[in-house]
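Coordinate analysis (summary)
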Amino acid sequence: MAKITASVYTSHVPAIGAALDLGKSQEPYWQKVFAGYEFGKRWLREDPPDVIFLVYNDHANAFSLEMIPTFAIGTAAAFPIADEGWGPRPVPAVVGHPELAAHIAQSVIQDDFDLTIVNKMAVDHGLTVPLSLMCGQVDAWPCPVIPFAVNVVQYPVPSGRRCLALGRALRKAVGSYDEPLKVQVWGTGGMSHQLQGPRAGLINREFDNAFLDRLIADPEGQAQVPHIDYVREAGSEGIELVMWLIARGAMSDRPPKVLHRFYHVPASNTAVGHLILENPA
Amino acid sequence: MPLEKPYLDVPGTTIFDAEQSRKGYHLNQFCMSLMKAENRARFKAGERAYLDEWPMTEEQKQAVMARDLNRCIALGGNIYFLAKIGATDGKSFQQMAGSMTGLSEEQYRDMMISGGRSIVGNRYVGEQR
């Protein structure tokens, strides 16, 4: 049977991708960000999973206002890199895992989560920046990736409670897949940031670190936090953090092992947070 | 009964909800068109003519030509869509975000390096600093 071995959490700031792509990663400003991912890069290289289920949000690239799916699962064999307006990032194309993705869709929908099934989709920095942070500049990503896009652009986004429960349904779906695959679930976005209006540039270290503490130790409690608390305390774009609860819900009910924790301000407009949690054996 | 909108008292913030999305539909879809290199070139060659191809309001067109992102957002724009205009102009997200705050580019960058805008005084309209 397939099983979820670990979860990875990280911000997905576009400027991080640009810094790598434009050869600025050695600059002191960016070194402070990339240093936080050295452990994760080594860990992933030494023991790569068979599949990464990557929870992220599209930033008006694959989905315009024509269609706004709340939860969209990528079931394609491959996903091209989006041109977000600066040209596509020079990173490898993303290879999917259509068999496992279709299995997850069928299981999770029968558990009352009405996913949108997407067979053609470009992926943007929300998905590629976490891969770049964890893999560096490579010719191919280490394994197939199932993109899972969550609407956090048009309010209301799904609640934390709904995201945690979806993660649990995902855990059950992966656990019922016949092949013995090692699967990681990644939750991305956040941490505190606001990109719009006179309040742009907002950062809230206390909120972010309390979120990390509680995500680890009390995900059920964190899942009860309403949208407005994220908007008010972590900024209008900080609400992306609800996506981390999907990855957390996919983990065992027993306490995880915290392999790595990192927090840094700033990357461009954003607070960078990063966690690696491993399931007990 | 009107929908509950608990976010209206967050200072300097416009939440992109269903009402804003409806107001800004054509403005945001115009922005999406700038994801194609040939459309970026056509827009740059004649902004007014390009904008006139879209059923946007005159106010929205003026706000785009003035690159007044706060005004664009008030008229239904969303930052992830508006970012396509910035990309067309060769601006980074930090330059775009900073342009809405009344700070210079340098002041905004320095604020971020020293930890960002404080949450204290920025939770509610009227919160004491």
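What counts and what doesn't
- Residues numbered from 1 in each chain as written.
- Chains lettered and ligands numbered in written order.
- Predicted model: local features only at pLDDT ≥ 70, side-chain atom pairs only at ≥ 80, totals over all residues.
- Helix = DSSP H or I, 4+ residues; strand = E, 2+ residues; numbered from the N terminus.
- Rg over C-alpha atoms; globule rule 2.2 N^0.38 Å.
- Buried ≥ 20, exposed ≤ 12 C-beta atoms within 10 Å, placed from the backbone.
- Contact = placed C-beta atoms within 7 Å.
- Domains from an automatic or database assignment.
- Pairing = 2+ DSSP bridges.
- Axes fitted to C-alpha atoms, helices over the stretch in contact; angles between N-to-C directions.
- Core = buried A, V, L, I, M, F, W, Y, C linked by C-beta atoms within 7 Å.
- Nonpolar A, V, L, I, M, F, W, Y, C, P; charged D, E, K, R; others polar.
- Parallel < 35°, antiparallel > 145°, perpendicular 65-115°, else oblique.
- Left-handed = near helix turned anticlockwise from the far one by under 90°.

**Some thoughts on the overall build of chain A**
- If you tally the helices and strands in chain A, you get 10 helices and 10 strands.
- A compact globule built from 281 residues would reach a C-alpha radius of gyration of about 19 Å, and chain A, at 17 Å, matches this within 12%.
- Principal axes of the C-alpha set define a box for chain A whose edges measure 50 × 40 × 40 Å.
- Each of the 281 residues in chain A was classed as buried or not, and the buried ones make up 56%.
- Here the contacts in chain A between residues at least 6 apart in sequence split such that 83% fall between residues at least 24 apart.

**Quick word on the overall build of chain B**
- Of regular secondary structure, chain B possesses nine helices and zero strands.
- With respect to the principal axes defined by its C-alpha atoms, chain B has extents near 50 × 45 × 20 Å.
- Here chain B holds 129 residues, and 37% of them are scored as buried.

**A look at the domain arrangement of chain B**
Residues and elements named next belong to chain B.
- Splitting chain B by domain gives domain 1 (18-90) and domain 2 (92-129).
- In this structure, domain 1 and domain 2 have C-alpha centres spaced 24 Å apart.
- Counting residues at the interface gives four residues for domain 1, matched by five residues for domain 2.
- At the level of elements, α6 (69-74) and α7 (79-88) are the ones that each hand at least two residues to the side of domain 1 that touches domain 2.

**Brief notes about the sheet that holds strand β8 (residues 182-188) of chain A**
Residue and element names in this part refer to chain A.
- If you trace the eight strands from one edge of the open sheet to the other, you get β6-β3-β7-β2-β8-β1-β10-β9, paired in mixed fashion. Pairing within the sheet leaves two strands with one partner each, and these edge strands are β6 (116-118) and β9 (257-267). Averaged over neighbouring strand pairs, the angle between their axes works out to 20° when direction is ignored.
- Judged from the five bridges that link them, strand β2 (residues 51-56) and β8 form a sheet pairing that is parallel. The partner of F53 across the bridge, within β8, is V185.

**Quick word on the nonpolar core**
- Judged by nonpolar contacts, the single largest core of 121 residues is most densely connected at L54(A) and V55(A).
- Inspection of this core shows a minimum of three residues originating in each of domain 1 (18-90) and domain 2 (92-129) of chain B.
- The contact partners of V55(A), leaving out residues within four places of it in the chain, are F148(A), V150(A), V185(A), W186(A), G187(A), T188(A), M243(A), I246(A) and A247(A).

**Some remarks on the interface of chain A and chain B**
- Counting from both sides, the interface comprises 33 residues of chain A and, opposite them, 44 residues of chain B.
- For the side of chain A that touches chain B, the secondary-structure elements that each account for two or more residues are α1 (14-21), α9 (227-234) and β9 of chain A.
- Examining the composition of the side of chain A that touches chain B, we find that four residues originate from one element, α9(A), more than from any other.
- Among the residues forming the side of chain A that touches chain B, the class breakdown is 16 nonpolar, 12 polar and five charged.

**As for the pairing of strand β10 (residues 270-278) of chain A**
Residue and element names in this part refer to chain A.
- Across the nine residues that make up β10, a large majority, eight, are buried.
- Across eight bridges, β9 lies against β10 in antiparallel orientation. Note on β10: the bridge partner recorded for K257 is E278.
- In this structure, the hairpin formed by β9 and β10 is closed by a connection of two residues, where S268 is found at a positive phi of approximately 60°.

**Quick word on the packing of helix α2 (residues 25-33) of chain B against α7(B)**
Residues and elements named next belong to chain B.
- Where α2 meets α7, the closest approach of the two axes is 8 Å, and the angle between their N-to-C directions is 45°. One finds that α2 runs oblique with respect to α7. The element α2 and its partner α7 pack so that their crossing is left-handed. Across from N28, C31 and M32 in α2, the residues of α7 making contact are F81, L82, K84 and I85.

**Brief notes about the pairing of strand β1 (residues 3-10) of chain A**
Residue and element names in this part refer to chain A.
- Most of β1 is tucked away: six of the eight residues are buried.
- Relative to β8, β1 runs parallel, the two being bridged by seven bridges. Paired with T10 across the two strands is T188, which belongs to β8.
- In the sheet, β1 pairs with β10 via five bridges, with the strands oriented antiparallel. Residue pairing in the sheet places S7 in a bridge with L277 of β10.

**Focus on the environment of A15(A)**
- The residue A15(A) is located in helix α1 in this model.
- Taking the number of C-beta atoms within 10 Å as the measure of exposure, A15(A) has 22 and is therefore buried.
- Separated by 252 residues in sequence, A15(A) and A267(A) place their C-alpha atoms 7.2 Å apart.
- With near-sequence residues (within four places) excluded, A15(A) lies in contact with A267(A), S268(A), S92(B), F93(B) and Q94(B).

**Points about the environment of V185(A)**
- Relative to the helices and strands, V185(A) is located in strand β8.
- With residues near it in sequence (within four places) discarded, V185(A) still touches I4(A), S7(A), F53(A), V55(A), L170(A), A247(A) and A250(A).

**Looking at the packing of helix α4 (residues 98-110) of chain A against helix α6 (residues 160-175) of chain A**
All names here are of chain A.
- Between α4 and α6, the least distance of the axes is 9 Å, while the angle of their chain directions is 130°. Between α4 and α6, the interaxial angle falls into the category oblique. For the pair α4 and α6, the crossing hand works out as right-handed. For the pair α4 and α6, the contacting residues are H103, I104, S107 and V108 in the first and A169, L170, K172, A173 and V174 in the second.
- Of the residues that constitute the contact of α4 with α6, the class distribution is six nonpolar, two polar and one charged.

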